[in-house]
Protein chains: 2
Amino acid sequence: MADGKQSRPKARTVRGFRDRAAGELAAERQMLDTIRRTYESYGFDALETPFLEYTDALGKFLPDVDRPNAGVFSFRDDDEQWVSLRYDLTAPLARYVAENQQFLPRPFRRYQIGTVFRNDKPGPGRFREFIQCDADTVGTASPAADAEMVMMFADTLEALGLKRGEYVIKVSTRKLLDGVLEGIHLSDVPENAHKRGAVLRALDKLDRLGPDGVRALLGKGRKDESGDMTQGAELEADQITKLMTFINVVGERPHSKFDPNDNQRIRMIEAWRTSVRNSPIGMQGIEELAAIESLVTSQKYDDVRVQFDGSIIRGLGYYTGTIFEAQLKFDVKNDKDKVVVFGSVGGGGRYDDLVARFTGQKTPAVGFSIGVSRLLTALQMRKAAVAEAKPLVVVTVFDKNDAAHAFAMVRELRAAQIRAEAYVGTGKLGDQFKYADKRGAALAIIEGPDEQAQGKVKIKDLALGAELSKSAETRADWIGSHQAETMVARSELVAKVRGLLSRGH
Amino acid sequence: MADGKQSRPKARTVRGFRDRAAGELAAERQMLDTIRRTYESYGFDALETPFLEYTDALGKFLPDVDRPNAGVFSFRDDDEQWVSLRYDLTAPLARYVAENQQFLPRPFRRYQIGTVFRNDKPGPGRFREFIQCDADTVGTASPAADAEMVMMFADTLEALGLKRGEYVIKVSTRKLLDGVLEGIHLSDVPENAHKRGAVLRALDKLDRLGPDGVRALLGKGRKDESGDMTQGAELEADQITKLMTFINVVGERPHSKFDPNDNQRIRMIEAWRTSVRNSPIGMQGIEELAAIESLVTSQKYDDVRVQFDGSIIRGLGYYTGTIFEAQLKFDVKNDKDKVVVFGSVGGGGRYDDLVARFTGQKTPAVGFSIGVSRLLTALQMRKAAVAEAKPLVVVTVFDKNDAAHAFAMVRELRAAQIRAEAYVGTGKLGDQFKYADKRGAALAIIEGPDEQAQGKVKIKDLALGAELSKSAETRADWIGSHQAETMVARSELVAKVRGLLSRGH
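So, how was this worked out
Residues numbered from 1 in each chain as written. Chains lettered and ligands numbered in written order. Predicted model: local features only at pLDDT ≥ 70, side-chain atom pairs only at ≥ 80, totals over all residues. Heavy atoms only, no water. Helix = DSSP H or I, 4+ residues; strand = E, 2+ residues; numbered from the N terminus. Buried < 20%, exposed > 50% of the residue type's maximum accessible area, 1.4 Å probe, protein only. Areas by Shrake-Rupley, 256 points an atom, 1.4 Å probe, with all protein chains shown as cover. Pairing = 2+ DSSP bridges. Contact = heavy atoms within 4.5 Å. Axes fitted to C-alpha atoms, helices over the stretch in contact; angles between N-to-C directions. Phe/Tyr/Trp six-rings, centres within 6.5 Å; stacked < 30°, edge-to-face > 60°. Lys NZ or Arg CZ within 6 Å of the ring centre and 35° of its normal. Least-squares fit on C-alpha atoms with pLDDT ≥ 70 in both. Salt bridge = Lys/Arg side-chain N within 4 Å of Asp/Glu carboxyl O. Left-handed = near helix turned anticlockwise from the far one by under 90°. Nonpolar A, V, L, I, M, F, W, Y, C, P; charged D, E, K, R; others polar. Buried area = accessible area lost by both parts, 1.4 Å probe. Polar contact = N/O pair within 3.5 Å; in protein donor to acceptor, adjacent residues only side chain to side chain. Arc of directions from axis to C-beta.

Counting its regular elements, chain A contains 18 helices and 19 strands. Burial analysis of chain A (505 residues in total) assigns 55% to the buried set. As presented, chain A carries roughly 22400 Å² of accessible surface, and 50% of it is formed by carbon and sulfur atoms.

In spatial order, the strands read 11(A)-8(A)-12(A)-13(A)-14(A)-7(A)-6(A)-2(A)-1(B); together these nine strands make up an open sheet with mixed pairing. Two strands lie at the open edges of the sheet, namely strand 11 (306-308) of chain A together with strand 1 (20-21) of chain B, each paired on one side alone. Relative to the sheet, helix 5 (residues 174-183) of chain A contacts strand 8 (167-173) and strand 12 (322-333) of chain A, its axis offset from that of strand 8 of chain A by approximately 40°.

For helix 3 (residues 90-100) of chain B, the tally of buried residues reaches ten of eleven residues, placing the bulk of the element in the interior. Every buried residue belonging to helix 3 of chain B is among B:Thr90, B:Ala91, B:Pro92, B:Leu93, B:Ala94, B:Arg95, B:Tyr96, B:Val97, B:Ala98 and B:Asn100, and all of these are buried.

Turning our attention to the packing of aromatic side chains. The geometry of an aromatic ring pair comes down to the distance between the two centres and the angle between the two planes. Within this structure, the stated rule accounts for 32 aromatic pairs over all chains. With centroids separated by 6.1 Å and ring planes inclined at 45°, the aromatic side chains of A:Phe17 and A:Phe73 adopt a geometry described as tilted. Taken as a pair, A:Phe17 in the segment before strand 1 (20-21) and A:Phe73 in the loop between helix 2 (55-58) and strand 4 (74-76) lie far apart in primary sequence, 56 residues in all. Here A:Phe17 falls in the buried class, since its relative accessible area comes to 4%. Using a relative accessible area of 2% as the deciding quantity, one classes A:Phe73 as buried. When the centroid spacing of 5.6 Å and the interplanar angle of 65° are considered together, the rings of A:Tyr318 and A:Tyr351 count as edge-to-face. Of the two residues, A:Tyr318 is situated in the loop between strand 11 and strand 12 and A:Tyr351 in the loop between strand 13 (339-350) and helix 11 (356-359); the sequence distance between them amounts to 33 residues. You'll find A:Tyr318 and A:Tyr351 in the same group, each marked buried. Sitting over the face of the ring of B:Tyr42, A:Arg414 holds its NZ or CZ atom 3.3 Å from the ring centroid. Between B:Lys460 and the ring centre of B:Phe433, over which it is positioned, the NZ or CZ distance is 4.7 Å.

On to unusual backbone geometry, then. With an omega of 0°, the peptide bond running from A:Arg106 to A:Pro107 counts as cis. Residue position: A:Pro107 is located in the loop between helix 3 (90-100) and strand 6 (108-117). Its identity is not glycine, yet B:His185 carries a phi of approximately 65°, on the positive side. If you trace the backbone, B:His185 turns up in the loop between helix 5 (174-183) and helix 6 (193-203).

With that out of the way, let us pick up the relation of the copies chain B and chain A. When chain B is fitted onto chain A, the two copies agree to an RMSD of 0.1 Å after a turn of 180° and an axial shift of 0.0 Å. What we have between these two chains is a two-fold relation. Of every C-alpha in chain B, the one belonging to B:Phe75 sits nearest the axis of rotation, 3.1 Å from it. Here 100% of the interface residues in chain B have copies in chain A that are interface residues too; the copies meet face to matching face.

What follows is about the environment of B:Gly59. Position of B:Gly59 relative to the elements: it lies in the loop between helix 2 (55-58) and strand 4 (74-76). For B:Gly59 and B:Arg357, which are 298 residues apart along the polypeptide, the C-alpha to C-alpha distance reads 8.5 Å.

Glancing now at the sheet that holds strand 19 (residues 485-489) of chain A. Residue and element names in this part refer to chain A. Across the sheet, five strands lie side by side as 16-15-17-18-19; this open sheet has mixed pairing. Each edge of the open sheet carries a strand with a single partner, namely strand 16 (419-422) and strand 19. Taking the axes of each pair of neighbouring strands and ignoring which way they run, one obtains an average angle of 25° across the sheet. Where strand 17 (residues 443-446) lies against strand 18 (residues 456-461), four bridges are found, and the strand directions are antiparallel.

Residues and elements named next belong to chain B. Structurally, Gly-232 can be placed in the loop between strand 10 (229-231) and helix 8 (237-250). The spacing of Gly-232 and Pro-50 is 182 residues in sequence and 38 Å in space, taken between C-alpha atoms. Once you skip the residues sitting within four places of it in the chain, Gly-232 turns out to touch Leu-217, Gly-219, Lys-220 and Gly-221.

Counting across every chain of the model gives 78 salt bridges over all chains. A salt bridge links A:Arg128 to B:Asp77; the shortest N-O distance between them is 4.0 Å. A residue pair is termed interchain when its members come from two chains, as with A:Arg128 in the loop between strand 6 and strand 7 (129-138) and B:Asp77 in the loop between strand 4 and strand 5 (82-85). Accessibility classification places A:Arg128 together with B:Asp77 in one group, the buried group. Here B:Arg196 and B:Asp188 are joined by a salt bridge, their closest N and O atoms 3.9 Å apart.

In this section: the packing of helix 1 (residues 22-41) of chain B against helix 4 (residues 143-159) of chain B. All names here are of chain B. Relative orientation of the contacting elements helix 1 and helix 4 amounts to 140°, with a least axis distance of 9 Å. The interaxial crossing formed by helix 1 with helix 4 has right-handed handedness. Taking contact as the criterion, the partners of Thr-34, Ile-35, Thr-38 and Tyr-39 in helix 1 are, on helix 4, Met-152, Asp-155, Thr-156 and Ala-159. Residue composition of the contact of helix 1 with helix 4, by class: four nonpolar, three polar and one charged.

Another point: the packing of helix 6 of chain B against helix 7 (residues 206-218) of chain B. Residue and element names in this part refer to chain B. The contact between helix 6 and helix 7 brings their axes to 8 Å, and the two run at 145°. Note on element contacts: helix 7 touches helix 6 through Leu-206, Val-214, Leu-217 and Leu-218, opposite Val-199, Ala-202 and Leu-203. Here the contact of helix 6 with helix 7 is built from residues that sort into seven nonpolar, no polar and no charged.

What follows concerns the interface of chain B and chain A. Between chain B and chain A, the contact holds 95 residues from the first and 96 residues from the second. For the pair chain B and chain A, the summed buried surface comes to about 8100 Å²; carbon and sulfur atoms form 55% of the total. Counting every contact that joins chain B to chain A gives 16 salt bridges. For the salt bridge of A:Arg439 with B:Asp45, the shortest nitrogen-to-oxygen distance reads 2.8 Å. Our count for the contact surface shared by chain B and chain A stands at 42 residue pairs in polar contact (both at pLDDT 80 or more). Of the residues forming the side of chain B that touches chain A, the biggest block, six residues, is contributed by helix 1 of chain B. Among the residues making up the side of chain B that touches chain A, the classes are represented as 45 nonpolar, 19 polar and 31 charged. Two strands pair when backbone bridges link them, and strand 1 of chain A and strand 2 (residues 45-48) of chain B are joined in this way by two bridges, in the antiparallel orientation. Paired with A:Arg20 across the bridge in strand 2 of chain B is B:Glu48.

Here the focus is the pairing of strand 5 (residues 82-85) of chain A. All names here are of chain A. By the bridge criterion, three bridges tie strand 3 (residues 52-54) to strand 5 in an arrangement that is antiparallel. By the bridge assignment, Tyr-54 is partnered in strand 5 with Val-83. Examined bridge by bridge, strand 4 and strand 5 share three bridges and lie antiparallel to one another. Opposite Ser-74, over in strand 5, you have Ser-84 as the bridge partner. If you look at the hairpin formed by strand 4 and strand 5, you'll find five residues sitting between the two strands, and Glu-80 has a positive phi there, around 65°.

Looking now at helix 14 (residues 429-438) of chain B. Among the residues of helix 14 of chain B, B:Gln432, B:Phe433, B:Tyr435 and B:Ala436 are the ones counted as buried. Buried residues of helix 14 of chain B, viewed axially, fall in a sector of 160°; they line one side.

What follows deals with the environment of A:Ala326. Residues and elements named next belong to chain A. Looking at where Ala-326 falls in the secondary structure, it is placed in strand 12. On the basis of relative accessible area, Ala-326 is assigned to the buried category, the value being 0%. Residues Ala-326 and Phe-368, 42 residues apart in the sequence, show an inter-C-alpha distance of 9.8 Å. When near neighbours in sequence (up to four residues on either side) are disregarded, Ala-326 contacts Phe-153, Leu-157, Val-168, Ile-169, Gly-343, Ser-344, Val-345 and Gly-346.

See the structure below:
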């Protein structure tokens, strides 16, 4: 044939993308349903924007502000316009609000669960396609909206099965840092934008690089392990000292047990008030945090659940006020087998300028995003989201030209809410048992001519068999054996299957 | 500012794409959950492949075989390789099976629900991004697998609330048409591929263009209303006559009431047997249809639910055997306000060569795809999938610096499974009522200083108010009025709200 070997395409996923199978998907669906129910109970409505947006509408709001359009999959459509696969759900929301604002209630509250794409270098556990889960309130500057987000985030994690003390929502505000930056002559004017971006990114790396790494990035720059040089923010020595002092104040790690006479949030507010007392923007941040503190305290979200912490930076350039991050506090091993705290599973904050890109009018907004795969990993470690697979019954087919009996059995089983399939391949009985085994089926049903003559069916308990087979020479030996089999009247099939399946639960 | 009006991007969706809001999404989710449950009850497992695939792995299996890569969104990735947004879920499945076959049970049964993309000219109701819902059995040539698909399709439609007689699964086989094509010297060899493709597409248009249109497309071609010429298959007169005769035989419209003494499927098999009796491939098709008929009859799927119909063609080039289509039989108005039968909501068939593109080995497979938006439209017409929105309670905030009372109320309501939100905007009470109204809230709660002093709260019944307001001068008049208000003790809030909400259901 002309269509020979070398002309065949290779079957492989695109680099950085992966297939996902039933087990992971079931656990993820269970998790997303819980998140959705929580968001909806708070009055947020579902919205789905398209996967593609015009590139100019997405803007340049990726974390890496130095390479604005790097990280985005973009191409030209038929009309020669640049379009991009969405890289988050916030930029499309801003576009949606700008496009529809005259029809929307104000504030507008929506959630969106969807796949986003990053044209980044893939790595172990780092994919170019992943799911985010966002909730946003657009059109109000009230700190009540920020406080609500923080409380909803905590409620969501608890609805997912995390216990109090296993998570904490850390809260800060950009205005605080703005106050400090003002103090070192880096106020928020266009000519400082580049330097401020570099400062933000440097401070955001405290957890990963430690104080020395951050200090290097605030100064001339830092050489990483591979020898690559990261350009620094080029601050002067006294500017660096002031920022590092600020980090030390705000980086203070709070106690982990709740003491009603020593509210960590109030303590932090007092410390911060001193450090930004000469800055109007800093003091505005303090007032907003105080309003948030008052509301979450009134709803009994204590400082084990919600803490103030100035080392929370959130790398994104678009935040303008409150920022927050959900951190999981249990230990895990990292890829270098070192025990570390699990850390962030998502976060967000206040961004007042995204809609203004389109409309020219400031539209205050606050929201947060959950990274689904990281949170799922965490829940699975906590055994909080291992979806129980519904057990499967495989009905074998003795004579492949007479599958009617097998099909009748699966119909009866399904009518009783039991997951069941008749074998539709062309293999012999031995192959069918191997198939049932590979499928992870709980039971296999056999109705050969002998059974049929007696009005009976044989049930092979594959789960029990798997136990028994541990003593057999090989797995294949067992599959052909008669252990863990029961004979029942055909009319008793459904009742017996139900009994066997419920036994295991 | 330099960032003036003309530099702002325009807020708009990409042409052919659209945003989707809560109402549609809730109905769709309900529908997809039912489909998922049905597929899973049959033993199909979930699978999710990536949105992007290497273009060479997707192949050229779009309906329009004359423009192989037209219709696909493609671009080069960082490695200079061509990648494409998936245009269906079948080509990625073939890639997946080829890549993982040594690990998969055989047959391999999976379902996938996902968004696919077509770079086609958009039109009214015709989008470039839409959801498909596929189930496939890969690795068996047994007609039992085909019969199971047909029955599962029928079960799925009934699980969605369609009544018997409102839908029919029409079944045919490509082998029958192959038999007829053999008879007119167009057997399945490479040099006939182009002409056979044109014949398939022409026959597939019987419903839309009628016999004269099809005859034109089988011959020299056809001029459409806009004056555009579609190139024909250039068959000779006697070839066209034989095909049109075949269409007349197989196009015979069956009766719609079940008559156990006159099984439509057996009648069709007998008619077809005569028309392809000299063709081995045709006779093979007959035998396979007979096996399918026997199995579906044994499971009591009568000919009101499953019919044989040779006018079913399915445009795709990759089908090699059984083909089937689900048609909804109720009347709707088309975009020209003409009453037509609703028609197809999906279909599928047997394709034995898709995996072989990668492996060189034939891998028999059968599956089908449901077009989600068309089916949802149909179900909504049948009132079978109008998801009941959970009623919303909006708790107003009298003093925006003291939202704690409102937040406490919504927490209590949510704990009682009632969807509730506190107003987090900055508007006055009147704005808050307008907000609640725009949100479609059922109730609004007010606790002003007077109510608070009495330990009471006021409940405004917005649904009842909407009724009453019909007699008011303007909607705005009513919103400020005191109609449809109740005062209750604060401690009775949850019970009273529950009572008012349940009244409406």
